[in-house]
Amino acid sequence: MNHILQLEPLTKDAFAPFGDVLEVAGAPDKVINQGLCGRYHDCARIDIVDGTAGISLFDATPRSLPITLEMVERHPEGSQAFLPMSFHAFVVVAAPDEGGSPGQPRAFLTAPGQGVNYARGTWHGVLTPLHAPGLFAVVDRIGDGANLQEHWFDTPFIIEGEDASASGEAG
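Keep in mind that this is a model prediction, so the values were computed, not measured.

Further remarks concern the sheet that holds strand β8 (residues 80–84). With antiparallel pairing, five strands are arranged side by side in an open sheet as β3-β13-β8-β16-β6. Edge strands, defined here as strands with exactly one partner in the open sheet, are β3 (19–22) and β6 (52–59). When the angles between neighbouring strand axes are averaged without regard to direction, this sheet yields 15°.

Time to look at unusual backbone geometry. Here the residue pair Leu-65 and Pro-66 is connected by a cis peptide bond, since its omega of -5° sits within 30 degrees of zero. In this fold, Pro-66 is placed in the loop between β6 and β7 (67–74). The residue after Ala-132, namely Pro-133, is reached through a cis peptide bond having omega -5°. With respect to the helices and strands, Pro-133 occurs in the loop between β15 (128–129) and β16 (135–142). For Asp-42, which is not glycine, the phi torsion reads 50° and is therefore positive.

A few words on the pairing of strand β13 (residues 115–118). The alternating pattern of β13 places Gly-115 and Asn-117 and Val-116 and Tyr-118 on opposite faces, both of which are buried. Summarising the sheet, β3 and β13 pair through four bridges and their orientation is antiparallel. Bridge pairing in β13 places Gly-19 opposite Tyr-118. Bridge analysis of β8 against β13 gives three bridges, and the strand direction is antiparallel. Bridge pairing in β13 places Ala-81 opposite Asn-117.

Below, the discussion takes up the environment of Val-92. Residue placement: Val-92 occurs in strand β9 (residues 90–95). Separated by 45 residues in sequence, Val-92 and Asp-47 have C-alpha atoms that sit 20 Å apart. Leaving out residues up to four positions away in the same chain, Val-92 has contacts with Phe-15, Arg-106, Ala-107, Phe-108, Thr-110, Val-116 and Tyr-118.

Here the focus is the pattern of salt bridges. Applying the stated criterion across every chain, the model contains four salt bridges. Connected through salt bridges with shared partners, the residues Arg-45, Asp-47 and Arg-120 form a single ionic network.

Scoring rules and cut-offs
Residues numbered from 1 in each chain as written. Predicted model: local features only at pLDDT ≥ 70, side-chain atom pairs only at ≥ 80, totals over all residues. Heavy atoms only, no water. Pairing = 2+ DSSP bridges. Helix = DSSP H or I, 4+ residues; strand = E, 2+ residues; numbered from the N terminus. Axes fitted to C-alpha atoms, helices over the stretch in contact; angles between N-to-C directions. Buried < 20%, exposed > 50% of the residue type's maximum accessible area, 1.4 Å probe, protein only. Contact = heavy atoms within 4.5 Å. Salt bridge = Lys/Arg side-chain N within 4 Å of Asp/Glu carboxyl O.

Next comes the structure, spelled out in structure tokens:
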């Protein structure tokens, strides 16, 4: 029998135990470029051990709800930020650490234009776009050594909910 995870909206408060929500909200911190650009400054903590921060591009295959969550992973040597390169929602899964294993996962649905930065060592699901293109810029640790730990659940979780952005246009 599977466990059920209900999608919840991604908010800064709900996601705070796992990292940062990256979004444009409210007034910008600065207005730059001759008054034509709002800068939302220092939105996430890039936390890297023994390496450098790099930007990679990921092209993930979109999935459909419900989604089976069989495993989560974490990166003990660095934070990992996912920045969508389209204006579609995607699924974010995170779980607290409980003695070296993931606790009860939570499933979030981003609003179009939101990204996330998983704090270093946070258990999280794999990149899960709901729409093509599944193209993301990813900021994470580049360096030698083991920086990936996986945990496979004995009983999978089923992520249920609605994708409110299903009618959105690609950005």
